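Here's the letter readout for the chains.
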Amino acid sequence: LSVQPPVGVGGAARGTMPPALQDAATANIVKTMEKLVSALVTDSDLIQSVTVLPIAPVEQSGPRKSIVVAQKGPGLRAQEASVMLERVLAGTLHKDYTYAAGAQYMITSVQEQSFYGRLLSMSTEGGIVVVKTHRFVVVSTYAAPVLPAEAVPHVEKFCDDLIRRGY
């Protein structure tokens, strides 16, 4: 029996891992992502929240409880996460308003792997940064007085680090 990465974590399926190894591999990815996400939010006054969504499902031996791998701060609701992931993968996130943690955002800028937008609220200002890495979609929000010029490079650097780590 060969040990292979779980489906969705390393790309295409190349084999099947025993459930105990799948759970260990999944737990390791989740633990690493939770640590990195927590550091991004707590080590900086720039980012209000971060949610990490898997591009392909991370295999688990039991039923899946959430499509969210890790999150810190006001989180995405299940429906928001599902729609966000679908629209990012289709490249259509900018074609309609998007929602994160119950707030409405308008995407104002589209890059090859990133979407940037502003919060549509009369009572507060802020924005959203959505970046696609090899394995994940990272959704982060920021609130005033933080400016896009401060938040976007911070999140992009975080995602570049994820890519360097193979995520």
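Sequence positions are assigned chain by chain, starting from 1 and proceeding in written order. The model is predicted, so local features are restricted to residues of pLDDT at least 70 and side-chain atom pairs to those at 80 or more, both for listing and for counting; the totals for chains, interfaces and linings are taken over all residues. Note that water and hydrogens are dropped before the side-chain values are worked out from all heavy atoms of the structure.

**Looking at the overall build of the protein**
No. 1: Note on conventions: DSSP H or I runs of at least 4 residues are helices, E runs of at least 2 residues are strands, and numbering of each starts at the N terminus. The number of helices and strands found in the protein is 3 helices and 7 strands.
No. 2: Going from N to C terminus, the protein has its helices and strands arranged as α-β-β-α-β-β-β-β-β-α.
No. 3: Each residue is placed in one exposure class: buried if its accessible area under a 1.4 Å probe, protein chains only, is under 20% of its type's maximum, exposed if it is over 50%, and partly exposed if it falls in between. The buried share among the 167 residues of the protein stands at 38%.
No. 4: Within the protein, contacts between residues at least 6 apart in sequence are counted, and of these 48% link residues at least 24 apart.
No. 5: Calculation of accessible area relied on Shrake-Rupley with a 1.4 Å probe; when residues are assessed, cover is drawn exclusively from the protein chains displayed. Surface summary for the protein: the accessible area is close to 8900 Å², and the carbon and sulfur share equals 54%. Only heavy atoms matter for contacts: two residues are in contact if any of them lie within 4.5 Å across the pair.

**Notes on helix α2 (residues 78-90)**
Since there are 3.6 residues in each turn of an α-helix, residues three or four apart along the chain are aligned in direction.
No. 1: Multiply 1.5 Å by the residue count of a helix minus one, and that product is the helix's expected span. The first and last C-alpha atoms of α2 sit 18 Å apart over 13 residues, in line with the 18 Å expected at 1.5 Å per residue.
No. 2: Here α2 has its buried residues at E80, A81, M84, L85, R87 and V88.
No. 3: The secondary structure elements touched by the buried residues of α2 are β1 (49-54), β3 (98-100), β5 (114-119), β6 (126-132) and β7 (136-143).
No. 4: Positive phi shows up at G91, right after α2, with a value of about 75°.

**With respect to the pattern of salt bridges**
No. 1: In what follows, salt bridge is the name for a side-chain nitrogen of Lys or Arg lying within 4 Å of a carboxyl oxygen of Asp or Glu. Across all of its chains, the model carries 2 salt bridges by this definition.
No. 2: R77 serves as the salt-bridge partner of E80, at 3.9 Å between the closest nitrogen and oxygen.
No. 3: The exposure class assigned to E80 is buried, which follows from its relative accessible area of 11%.
No. 4: With its nearest N and O atoms 3.1 Å apart, the salt bridge here joins D161 to R165.

**Digging into the sheet that holds β6**
No. 1: The 7 strands are arranged β2-β1-β7-β6-β5-β4-β3 in an open sheet whose pairing can be described as antiparallel. Sheet topology places β2 (70-72) and β3 at the edges, where each strand pairs with a single neighbour. Strand-to-strand, the axes of this sheet are offset by a mean angle of 25°, without reference to chain direction.
No. 2: What makes two strands pair is DSSP finding at least two bridges between them. Sheet topology places β3 next to strand β4 (residues 103-110); 3 bridges connect them, and they run antiparallel. Its bridge partner being in β4, T98 is matched across the sheet by Y105.
No. 3: Packing of α2 onto the sheet brings it into contact with β1, β3, β5, β6 and β7, and relative to β3 it is tilted by some 135°.
No. 4: This element, helix α3 (residues 148-164), spans β5, β6 and β7 of the sheet and lies at about 155° to β7. Here an axis means a line fitted to C-alpha atoms, over the contact stretch when the element is a helix, while the angle between two N-to-C directions is reported on a 0 to 180 degree scale.

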